[in-house]
Amino acid sequence: MKKYILFIIVLTAMFSCAAQNPNKMKEVEKFNYEYYKSKLSPNSDYAIYTEEDGTLVQVIFDQDFNYLATIKPLTFKGHSKIYYKNGFLKSEGEWLYCSDVEIGIWREYDKSGKLIREVDEDKKFENLKVTPKELLRWMEKQGWIDLRTGKGQQTSFSNTPFLIYFTPSHKDDHARWCVSRRTMFGAEEFVIDAETGELISHENVYSIE
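Predicted model, so just to flag it, every value in this text is computed and none were measured. (Residues numbered from 1 in each chain as written. Predicted model: local features only at pLDDT ≥ 70, side-chain atom pairs only at ≥ 80, totals over all residues. Heavy atoms only, no water.)

A. The arrangement of the pairing of strand β4 (residues 77-84) in detail. Across six bridges, strand β3 (residues 65-71) lies against β4 in antiparallel orientation. In the strand pairing of β4, T70 is matched with H79. Turn length for the β3-β4 hairpin, with the two strands adjacent in sequence and antiparallel, is five residues, and the turn residue L74 shows positive phi of about 65°. Summarising the sheet, β4 and strand β5 (residues 89-96) pair through seven bridges and their orientation is antiparallel. In the strand pairing of β5, I82 is matched with S91. Taking the residues between adjacent antiparallel strands as the criterion, β4 and β5 are bridged by four residues, where G87 takes a positive phi near 100°. (Pairing = 2+ DSSP bridges. Helix = DSSP H or I, 4+ residues; strand = E, 2+ residues; numbered from the N terminus.)

B. Up close: the pattern of salt bridges. This model, assessed by the stated rule, comprises seven salt bridges. Residue E94 pairs with K77 through a salt bridge whose shortest N-O separation is 3.3 Å. With E94 in strand β5 and K77 in strand β4, this pair connects stretches of sequence that are 17 residues apart. In this structure E94 comes out as partly exposed when scored by relative accessible area, which is 22%. A salt bridge links R107 to E118; the shortest N-O distance between them is 2.9 Å. One end of the pair, R107, is in strand β6 (residues 102-109); the other, E118, is in strand β7 (residues 115-120), with 11 residues separating them in the sequence. (Salt bridge = Lys/Arg side-chain N within 4 Å of Asp/Glu carboxyl O. Buried < 20%, exposed > 50% of the residue type's maximum accessible area, 1.4 Å probe, protein only.)

C. Fine view of the packing of aromatic side chains. Counted under the stated rule, the structure contains 14 aromatic pairs. Residues Y33 and F61 carry aromatic rings whose centres are separated by 5.6 Å and whose planes lie at 85° to one another, so their mutual orientation is edge-to-face. Placement of Y33 in helix α2 (residues 33-37) and of F61 in strand β2 (residues 56-61) is noted, with a sequence separation of 28 residues between them. Given the relative accessible area of 40%, Y33 is considered partly exposed. For F61, a relative accessible area of 9% translates into the label buried. Seen from their ring centres, F76 and Y97 are 5.2 Å apart, and the 65° between their planes marks the pair as edge-to-face. Taken together, the positions of F76 in the loop between β3 and β4 and Y97 in the loop between β5 and β6 put the pair 21 residues apart, joining distant regions of the chain. Assessed through its relative accessible area of 1%, Y97 is described here as buried. Here a set of aromatic residues connected by ring pairs shows up, and it is made of F31, Y33, Y35, Y36, F61 and Y83. Over the ring of F88 we find K30; its NZ or CZ atom is 4.6 Å from the centre of that ring. Lying across the ring of Y49, K39 places its NZ or CZ 4.8 Å from the centre. (Phe/Tyr/Trp six-rings, centres within 6.5 Å; stacked < 30°, edge-to-face > 60°. Lys NZ or Arg CZ within 6 Å of the ring centre and 35° of its normal.)

Here is the structure:
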């Protein structure tokens, strides 16, 4: 009887380990060299194209690393990945629509693909009245974008419809958002107090040709 019970315990432990291993032994992500290389034009080391599902992609083959940026439809944010030349993922994270403002969890990996560091970039928005999500809702109220239909979605990595900047609080200054909207004659610029939600300034900047 004791041998039977011991056998059951050992068998249960074996099945338990087998069930857990797939999660613990998650395959390390590597750069799909052949696929992205096929997207390049002759004598080029970068490409910008759109996948069948509407995802905008930018891929760069650098001497020291490979870079991949994607913008999925209806997300109003981008995702960046940097790979070591051996193909393993070096770092990854998301950034806010039409900006280089880092949002969400950013991760760093060693040269074997092992996670070594995580940073919650959303912490810099804690206790703010205007978070990235609230800023997008404010832009939607202006009629510039539509978070449901994708109106105003970013379709370029350089010539974007807006330029968005975030300045953290410093000494006696509140955290701020600056939104520059491209217009036919130049730009329309807004500065918003991220802590109170107050519109600090609004002006039109005309291009001089």
